[in-house]
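Examination of the molecular architecture
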Amino acid sequence: MSPAIPLAYSDDKVSTLQVRSQHQKEDSHLQSLYQKGVKHLCDNGVAKVPRKYILPVSDRPDIGNGEPCYKQKSLKLPIINLAELQGPNRTDMLRSLANACKQYGFFQLANHGVPLEVTSNMIDVCKRFFELPYEIRAKYMFSDMSAPVRYGTSFNQNKDGVFCWRDFLKLMCNPLPEVLPHWPSSPVDLRQLAEAYTKETKNLFQLLMEAILESLEIEATITNTMEEDDIAKEFQDGSQLLISNCYPPCPEPDLTLGMPPHSDYGFLTLLLQDEVKGLQIQFEGEWLTVEPIPNAFVVNVGDHLEIFSNGRYKSVLHRVLTNAERTRVTIASLHSLPFHCTIRPWPRLINEDNPRRYKETDFSTFLKYISSCEPKKKNFLESRKIH
């Protein structure tokens, strides 16, 4: 047998191994690049959406008449006027609030009393943070979900099979005097402006929860008791998490999402948007774009409020679209009871006609869940339902 034959086979094998090794090195390099976030990709001139961000066809945003769906169908959410809610028309406004929480799971909050200077400064300083050099932002990249500050990308970059077109800065807000020194020191005014915004949104959340508790009483035709006062006190010491989201321009917005369909875990989320559209909610089986209203908060029911209300108020799926022209920056303030508290259906809402529909839960259960699997849609809330 000629020795040339096995020698040729060995050369082919070596060549295959070399190609495979080269591909592995390239994949490793790309994975490292993706972990640095989409802002870093865009700053380096990405012209096409990398494969890591391309969704299966069934999960991509719809295209109609050649235009992205955020230019197609839109939805005008119910508007709750906080000034009227605190005035002589409170009972009527409470009914409007209850209807918004039941039918939409979302509403726009106008005349909320948070100074325009506070909200505009918060949007501005977050934009400036995302414009900092990557090396400065990267100092706050931690895998520990309980860290007081965390910069990252995608939805859950340690679990996501397909990445989404989003970078974020998360700031824990409890207890504020202890976590504040850990917040980013650049830009130099970030801590000061974020602290003012945190205090304003916390007060706003407490006002809203007082109204929501009252609206649930009207819905269930029950009378006020000391129990409500105890719950209101727990909300005063409740948990708060600020999340600033950055969605850079995407070269192919029809292939990916800024955030996948999901629900929020807490009681309420107060979302501050800039003027760029992107938020969509699932309403009557369709994805509809929320029209931004200047100087208004978009407020949505979270999983904890759906559990607490025993299903009367709905935590609704929502997602974020990208666009090819403009960066979109938002600030979400997520509120719930203190982290150590157990969330369960309000006993006063349970009777023979309305049996208990949810198991109890707490924040540690939620963290274990999202640490063990890829979060999808309302899977966590579904795991809490009594079937």
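Keep in mind it's a predicted model, so treat the numbers as computed, not measured. (Residues numbered from 1 in each chain as written. Predicted model: local features only at pLDDT ≥ 70, side-chain atom pairs only at ≥ 80, totals over all residues. Heavy atoms only, no water.)

1. Details of the sheet that holds strand 13 (residues 297-301)
Strand order in the open sheet formed by eight strands is 4-5-13-10-15-8-7-6, with mixed pairing between adjacent strands. In this open sheet, the two edge strands, each paired with only one partner strand, are strand 4 (79-81) and strand 6 (149-153). Taking each pair of neighbouring strands and ignoring which way they run, the sheet shows an average axis angle of 25 degrees. In this sheet, strand 8 (residues 239-247) lies alongside strand 7 (residues 167-172) in antiparallel orientation, the contact comprising six bridges. Paired with Leu169 across the bridge in strand 8 is Ser244. (Pairing = 2+ DSSP bridges. Helix = DSSP H or I, 4+ residues; strand = E, 2+ residues; numbered from the N terminus. Axes fitted to C-alpha atoms, helices over the stretch in contact; angles between N-to-C directions.)

2. Comments concerning the pairing of strand 5 (residues 106-110)
Of all five residues in strand 5, five are buried, a share of seventy percent or more. A two-sided burial pattern is seen for strand 5, the buried positions comprising Phe106, Gln108 and Ala110 on one face and Phe107 and Leu109 on the other. In the sheet, strand 5 pairs with strand 13 via four bridges, with the strands oriented antiparallel. Opposite Leu109, over in strand 13, you have Phe297 as the bridge partner. (Buried < 20%, exposed > 50% of the residue type's maximum accessible area, 1.4 Å probe, protein only.)

3. Things to note about the sheet that holds strand 12 (residues 286-290)
Taken together, the five strands give an open sheet; going across it, the order is 3-12-11-14-9, and neighbouring strands pair in mixed fashion. Strands at the two margins of the open sheet, each flanked by one partner only, are strand 3 (74-75) and strand 9 (259-262). Pairing between strand 9 and strand 14 (residues 318-320): two bridges, direction antiparallel. The residue of strand 14 that forms the bridge with Met259 is Val320.

4. Things to note about the confidence of the model for the protein
When pLDDT is averaged along the protein, the result is 86; 85% of the residues meet or exceed 70. Taken together, the stretch residues 1-10 has pLDDT below 50 and engages in zero contacts with residues farther than four places along the chain or on a different chain. Taken as a whole, residues 16-27 scores under 50 in pLDDT and shows one contact with residues more than four places along the chain or in a different chain. (pLDDT = per-residue confidence, 0-100. Contact = heavy atoms within 4.5 Å.)

5. As for helix 5 (residues 116-130)
Between the first and last C-alpha of helix 5 there are 22 Å, a value that for 15 residues agrees with the 21 Å anticipated at 1.5 Å per step. Among all positions in helix 5, only Val118, Thr119, Met122, Ile123, Val125, Cys126, Phe129 and Phe130 are buried. (Expected span 1.5 Å × (residues − 1).)

6. Considerations on the pairing of strand 12
Of all five residues making up strand 12, four are buried, and the element is well covered by its neighbours. The hairpin formed by strand 11 (residues 279-283) and strand 12 contains two residues between the paired strands, and Glu284 there has a positive phi angle of roughly 50 degrees.

7. Here we look at the environment of Lys39
Position of Lys39 relative to the elements: it lies in helix 2 (residues 38-43). Judged by its relative accessible area of 8%, Lys39 is buried. Placed 208 residues apart in sequence, Lys39 and Tyr247 show a C-alpha to C-alpha distance of 8.0 Å. With sequence-adjacent residues up to four places away left out, Lys39 is seen in contact with Phe130, Glu131, Arg137, Asp167 and Pro248.

8. Re helix 4 (residues 90-103)
The α-helix advances 3.6 residues per turn, and as a result positions three or four apart in sequence lie on the same side. In a regular helix each residue adds 1.5 Å, so 14 residues correspond to 20 Å; helix 4 covers 20 Å between its end C-alpha atoms and thus fits that length. Phi turns positive one or two residues past the end of helix 4, at Gly105, with a value near 75 degrees.

9. With respect to the environment of Gln273
Along the chain, Gln273 turns up in strand 10 (residues 268-273). Not counting residues within four places of it along the chain, the set of residues in contact with Gln273 comprises Ile123, Leu279, Pro292, Val298, Arg328, Val329 and Thr330. Engagement of the side chain of Gln273 in a polar contact is seen with the side chain of Arg328, the distance being 2.6 Å. (Polar contact = N/O pair within 3.5 Å; in protein donor to acceptor, adjacent residues only side chain to side chain.)

10. Overview of the nonpolar core
Phe107, Leu109, Phe267, Leu268 and Phe297 are the most contacted members of the largest nonpolar core, which has 66 residues in total. By residue number, the principal contributor to this core is helix 8 (residues 190-220), which donates 12 residues. When residues no more than four places from it in sequence are discounted, the contact partners of Leu268 are Phe205, Leu208, Met209, Ile212, Val299, Asn300, Val301, Leu305, Ser333, Leu334 and His335. (Core = buried A, V, L, I, M, F, W, Y, C linked by side-chain atoms within 4.5 Å.)

11. Some remarks on the packing of aromatic side chains
Across all of its chains, the model carries 11 aromatic pairs by this definition. Aromatic pair Phe129 and Phe130: ring centres 5.5 Å apart, planes at 80 degrees, arrangement edge-to-face. Considering the side-chain rings of Phe130 and Tyr151, the 6.4 Å spacing of their centres and the 45 degrees angle between planes classify their relative orientation as tilted. In this pair, Phe130 is assigned in helix 5 and Tyr151 in strand 6, connecting sequence segments 21 residues apart. The class of Phe130 is buried, set by a relative accessible area of 1%. Judged by its relative accessible area of 2%, Tyr151 is buried. Each residue in the set Phe205, Phe235, Phe267, Phe308 and Trp346 is aromatic and connected to the rest through ring pairs, giving one cluster. Residue placement shows Lys170 over the ring face of Phe168; its charged tip is 4.9 Å from the ring centre. (Phe/Tyr/Trp six-rings, centres within 6.5 Å; stacked < 30°, edge-to-face > 60°. Lys NZ or Arg CZ within 6 Å of the ring centre and 35° of its normal.)

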